[in-house]
Structures are given as C-alpha cells and as structure tokens.
Amino acid sequence: MKFFLDSAHLPDIREAAQLGILDGVTTNPSLLSKEEADPVAVLREISKVVDGPISAEVVSTEHAGMVEQGVEWRRIAENIVVKIPMSTEGLKAIRTLREQEIPTNCTLVFSPTQALMAAKAGAAMVSPFVGRLDDIQVRGMEVVDEIVQVFSNYEISTEVLVASIRSPVHVADAARIGADISTMPWSVMQALARHPLTDIGIERFFADWQKIQNR
Ligand code: E4P
C-alpha cells in the first residue's frame, strides 16, 4: 500500500519525505488555507520535494470551470493530479481531463456506486472519506471494503485512495482490505512508527549497554 501525506504544510512534508516511505501528497482547499503562502507557490514547492502524485483540488462546481482550473493546476508540475469533487459535473470534468491525459482524483466519495461512476468516467484515483463517514455513524472502512471488492469484480485499475484518515487503525484496516493508498495527516504517519514495547525495548537495551560501559 502506498503512503500519502494529507497536508500542505511544507515543513511536515519535507520531514515525511526523509522517511523514505512517502509516495505522494494530497491537498485540499482547507489545508491550503492554513498556509500563508500562495497556493500555487505551495503546490510548486511540494511537487519539487515529493517525487509522486500531488493532488490539487478544483473549487468550481461546473464542468467548464473545473476543467479550466484543472488544466491550470497541471501546468504547475508534471506530477500534479487534479482533484475533482464527486458530482455529475465532476464526472464530465474527469472525462474531459482524461481525454487531455490529465490524471484525476475523484474526491468526496462516500459510496461504492459513486466510486464506480468515477472509475468509469476515467478517474485515476477515487477517495472515500472514512473519518467523515465514521463521524455520522456509518462505518467508513466497510465502504472502502465494498469499493475494493467492486473494483476487483470488474478488474478496474482506478486506485482506491483511503482519505479522511484519523488514526493508525484506519491505516492498518485499509492495508488489510487491500486499498491501494492511504493518505494521512503527519501526526498519524508519526504514530504509525511508534509502539510502546519498542520504546521500552530501546530503553532496556540502552540501560544494559550502559552497564557494560560502567564496568
Ligand atoms: C483527502 O484527500 C482529503 O484531503 C482529506 O483526507 C480530508 O480529511 P478530513 O475529513 O480529515 O478533512
């Protein structure tokens, strides 16, 4: 499974890139709004730091506007993937951008049929939002499981990108289900590397090594 960082914060992205496990980045208008720099400059810098797909979301709700902004985002760098919110206008935009060989990530997906439609329209990735489903007492991971099953039934190559991840358990579940990508905040990525028994083990080995030094 690929690991993406769900962030527009360059210091975190730079640190995550050093881990050697970072496969891409997802941004959205809310994440970009937290940064002081101009979104175009931020996206340009991210695309230099990370050698993988960088999702940049359109804010128009109409086909023409989505395509226009998508083409603009893609001009920033070759690894920009245009994020299109799920809707009938969005499906049209996914199709048009695909005809122009611009890859898309269909975002705000909450059901297997939405995912199937996005895949049929030609999206390179679909993003089911697990955390936001959990928030309304719908099991987000069950939706991911269904999407993975449907895509496997029809040998669909669109990647399932699990989004709105809130904890390491979400990442573990996404990997068990066989989702292609998990995108997560920096705090979750850091938490994935930790285990209390690892910390205790390091402490003990260190203390025992000190005993040898003190002989
Ligand atoms: C993914 O591409 C989205 O940017 C993100 O995962 C949304 O997460 P949130 O529900 O925590 O805002």
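Provided above is the structure to which this section pertains.
In this report, the structure presented in the accompanying data block is examined. (Residues numbered from 1 in each chain as written. Predicted model: local features only at pLDDT ≥ 70, side-chain atom pairs only at ≥ 80, totals over all residues. Heavy atoms only, no water.)

Describing the pattern of salt bridges
Moving on, step 1. Scanning the model with the defined rule gives 10 salt bridges in all.
Moving on, step 2. A salt bridge links Glu89 to Lys92, with the nearest nitrogen and oxygen atoms 2.6 Å apart. In this pair, Glu89 and Lys92 both sit in helix α5 (residues 88-99), 3 residues apart, roughly one turn of the helix.
Moving on, step 3. For Glu89, a relative accessible area of 22% puts it in the partly exposed group.
Moving on, step 4. One salt bridge connects Arg139 with Glu142, and the closest N-O pair in it is separated by 3.9 Å. (Salt bridge = Lys/Arg side-chain N within 4 Å of Asp/Glu carboxyl O. Helix = DSSP H or I, 4+ residues; strand = E, 2+ residues; numbered from the N terminus. Buried < 20%, exposed > 50% of the residue type's maximum accessible area, 1.4 Å probe, protein only.)

Let's talk about α5
Moving on, step 1. For α5, with 12 residues, the first-to-last C-alpha span of 17 Å sits near the 16 Å given by 1.5 Å per residue.
Moving on, step 2. Among all positions in α5, only Gly90, Leu91, Ala93, Ile94, Thr96 and Leu97 are buried.
Moving on, step 3. The secondary structure elements touched by the buried residues of α5 are α4 (63-76), β4 (80-85), β5 (104-109) and α6 (112-121).
Moving on, step 4. Measuring from the backbone nitrogen of Glu89 back to the side-chain oxygen at the start of α5 gives 3.4 Å, which picks out Ser87 as the cap.
Moving on, step 5. Just beyond α5, the residue with positive phi is Glu101, at close to 60°. (Expected span 1.5 Å × (residues − 1). Contact = heavy atoms within 4.5 Å. Polar contact = N/O pair within 3.5 Å; in protein donor to acceptor, adjacent residues only side chain to side chain.)

Concerning the side chain of Glu35
Moving on, step 1. As for its placement among the helices and strands, Glu35 is situated in the loop between α2 (29-33) and α3 (39-49).
Moving on, step 2. Of the side chains with opposite charge, Lys34 lies nearest to the buried Glu35, which makes no salt bridge, at 7.2 Å.
Moving on, step 3. Of the polar contacts made by the side chain of Glu35, one reaches the side chain of His9; its length is 3.1 Å.
Moving on, step 4. Excluding residues within four positions of it along the chain, Glu35 makes contact with Ala8, His9 and Val42. (Lys, Arg positive; Asp, Glu negative; His and termini not counted.)

Let's talk about the sheet that holds β5
Backbone-to-backbone hydrogen bonds pair the strands of a sheet. The strands run either parallel or antiparallel.
Moving on, step 1. Strand order in this closed barrel of 8 strands is β1-β2-β3-β4-β5-β6-β7-β8, and the pairing throughout is parallel. Taking the axes of each pair of neighbouring strands and ignoring which way they run, one obtains an average angle of 25° across the sheet.
Moving on, step 2. Pairing geometry for strand β6 (residues 125-128) and strand β7 (residues 159-162), over 2 bridges, is parallel. For Val126, the partnering residue across the bridge sits in β7 and is Val160. (Pairing = 2+ DSSP bridges. Axes fitted to C-alpha atoms, helices over the stretch in contact; angles between N-to-C directions.)

Brief notes about the packing of α4 against α5
Moving on, step 1. The interhelical angle for the contact between α4 and α5, taken along N-to-C directions, is 45°, at an axis separation of 8 Å. Considering their axes alone, α4 and α5 lie oblique with respect to each other. Considering only the axes of α4 and α5, their crossing is right-handed. Across the interface between the two elements, His63, Met66, Val67 and Val71 of α4 pack against Glu89, Gly90, Lys92, Ala93, Thr96 and Leu97 of α5.
Moving on, step 2. Here the residues of the contact of α4 with α5 are counted per class, giving 5 nonpolar, 3 polar and 2 charged. (Parallel < 35°, antiparallel > 145°, perpendicular 65-115°, else oblique. Left-handed = near helix turned anticlockwise from the far one by under 90°. Nonpolar A, V, L, I, M, F, W, Y, C, P; charged D, E, K, R; others polar.)

Remarks on the site of the ligand
Moving on, step 1. Asp6, Thr26, Asn28, Lys83, Phe129, Arg132, Ala163, Ser164 and Arg166 make up every residue found near the ligand.
Moving on, step 2. Lys83 is positioned such that a nitrogen or oxygen atom in its side chain is 2.6 Å from an oxygen atom of the ligand.
Moving on, step 3. Here an oxygen atom of the ligand sits 2.6 Å away from a polar atom, N or O, in the side chain of Arg132.
Moving on, step 4. The fraction of the free accessible surface of the ligand (350 Å²) that becomes covered by protein chains is 84%. (Near = heavy atom within 4 Å. Areas by Shrake-Rupley, 256 points an atom, 1.4 Å probe, with all protein chains shown as cover.)

A few points about α4
Moving on, step 1. Here α4 contains 14 residues, and its C-alpha end-to-end distance of 21 Å stays within 8% of the 20 Å for a straight helix at 1.5 Å per residue.
Moving on, step 2. Where α4 is concerned, the buried positions are Met66, Val67, Gln69, Gly70, Trp73, Arg74 and Ile76.
Moving on, step 3. In this fold, the buried residues of α4 make contact with α3, β3 (54-57), β4 and α5.

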